[in-house]
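A look at the structure
Residues per chain are reported as follows:
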Amino acid sequence: MPDLEPQRSGGRVALVDLTGAEDMTAALRKLQDQWGPVAPVDLEPGVPGWLVLGHAEVMEVMRTESVFARNPRHWREQLPPQSTLHAILSPTGRRNLYFSDGAEHRRLRLPVDEAFADMDEVRTAALVRVVCARLIDSFAAKGSADLMGEYAAAVSFLAVSGMFGFDERQGVDLLRCASEIFGHGGDPASALVRMDQIVMDHVIATRAEPGPNLTTSFIEHPNFEDDTEIVHSMVIAICAANEMLVTWIAATLRRMLTDPRYTGRVTGVRRGLDDAMDETLWSEPPVANLPARYAVTDCTLGTAQIRAGDAIVMGVAAANNDPRVRTSDDLFEAGNRSHLSFGVGPHACPAKRPGRLVVKIAVESLMERLDLRLTDPVVKWAPSPWSRYPSTLPVTFTPERQAARTPARV
């Protein structure tokens, strides 16, 4: 049996090399063949951790916060100052549901659950359609576009920021910050500081003039002790939602444009958008590697000997494709939502319904309006240890003679 302790001597595969692999599924399967359901990896060069590859093992980590905690104070790793992981894995003084456990997590989680549960879906759908129409208007007459930079990323963040009551300028500023926080260039630590300030200014303004948005719901909830908790909870909700949505939108669009089962270039029943969305969640989960839990005590996970203070990353992409649970049936994913893309246990995604609504409207709005053709089948993946989506998604289409009229503001 191989030595399953992550050693400082190196030789571990880096997470970013897995998400950036030409065939990520094959790369993950190779890692699983070598190590079993839990493999030693580098979170970034020189920073060791564990990647959980097995479906049952990921479920165990997600459900057992008494052993695998979210609070980074349990992590024994000392990150170098220049590390890009600070904002995601060990930010200083963050007070939100993401970095808490037990009773503290439940206190901070309830306002988020209730805010998303009480959202007006009709109003939300109208808001998303406005965002989509305006973005399509901006390139519809050109006959070409990059659906990543000009659409998927923008739809995601403008929709999410709109739900919180931010205006478009604020939404763009928040998008730049979130991109840096998730390691897509820039300085994650300073981006987090800037994002906190934008959100704090918005909380103060919203308290003076409340509106029908998520920020008002957060402000009015008695579980938050002060504005800092509100800001930190909003920042994590906005960042997590954006990273999930932009990758889900991009992967679904790419599937609809390249897979003959969806393009209609094969005989038989053509599969629809809901099928494409479900299949994407199984095969290309929006967050391929979900950060992070920290071992509270020495334990065994799979065949790996985990030490107290080790970092554990949940390999959702690997777990969803675990041959122990994934069948080879072509229709397996259709309507099957037992994947781990939204997580399970205390930290499961609180916004599955709004997220699905945004993705469906975003893809539907584009596909119904333009006859899209992907111009470059060769994919260059955006550099991120957590998510896997194309850096660009270039398309051509028949130019519109006149841009469609934008729906009235919601």
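Residues numbered from 1 in each chain as written. Predicted model: local features only at pLDDT ≥ 70, side-chain atom pairs only at ≥ 80, totals over all residues. Heavy atoms only, no water.

Between helix α13 (residues 273-283) and helix α15 (residues 352-369), whose axes approach to 11 Å, the crossing angle comes to 125°. On the basis of their axis angle, the class for α13 and α15 is oblique. Our pair here, α13 against α15, has a crossing hand that is right-handed. Contact with α13, carried on its side by Leu273, Asp274, Met277, Asp278 and Leu281, involves Arg356, Val359, Lys360, Val363 and Glu364 of α15 and no other residues of that element. (Axes fitted to C-alpha atoms, helices over the stretch in contact; angles between N-to-C directions. Helix = DSSP H or I, 4+ residues; strand = E, 2+ residues; numbered from the N terminus. Parallel < 35°, antiparallel > 145°, perpendicular 65-115°, else oblique. Left-handed = near helix turned anticlockwise from the far one by under 90°. Contact = heavy atoms within 4.5 Å.)

Predicted confidence across the chain gives a mean pLDDT of 89, with 90% of residues reaching 70 or more. The least confident element of the chain, judged by mean pLDDT, is helix α12 (residues 260-263) at 78; the most confident is strand β4 (residues 68-69) at 98. Segment residues 265-270 is flagged for pLDDT under 50; beyond a separation of four residues in sequence, or across chains, it makes 9 contacts in the model. (pLDDT = per-residue confidence, 0-100.)

Taken in spatial order, the 6 strands line up as β1-β2-β3-β9-β6-β4 in an open sheet, and their pairing is mixed. The open sheet has two free edges, formed respectively by β1 (13-14) and β4, since each of these has just one partner strand. Relative to the sheet, helix α2 (residues 24-35) contacts β1, β2 (38-44) and β3 (47-52), its axis offset from that of β2 by approximately 125°. (Pairing = 2+ DSSP bridges.)

Moving on, we get to the environment of Thr297. With respect to the element layout, Thr297 can be found in the loop between β6 (289-295) and β7 (299-301). Judged by its relative accessible area of 39%, Thr297 falls in the partly exposed class. When residues no more than four places from it in sequence are discounted, the contact partners of Thr297 are Val67, Ile306, Arg307 and Ala308. (Buried < 20%, exposed > 50% of the residue type's maximum accessible area, 1.4 Å probe, protein only.)

Formed by 110 residues in total, the largest nonpolar core has its most connected members in Leu43, Leu147, Tyr151 and Met195. Of all hydrophobic cores here, the second largest spans 19 residues; its members include Val58, Met59, Leu301 and Ile312. (Core = buried A, V, L, I, M, F, W, Y, C linked by side-chain atoms within 4.5 Å.)

Assignment of secondary structure puts Ala276 in helix α13. Residue Ala276 is classed as buried on the basis of its relative accessible area, which comes to 0%. Considering only alpha carbons, one finds Ala276 and Ala87, 189 residues apart in sequence, at a separation of 32 Å. Apart from the residues within four sequence positions on either side, Ala276 is in contact with Thr252, Arg255, Met256 and Tyr262.

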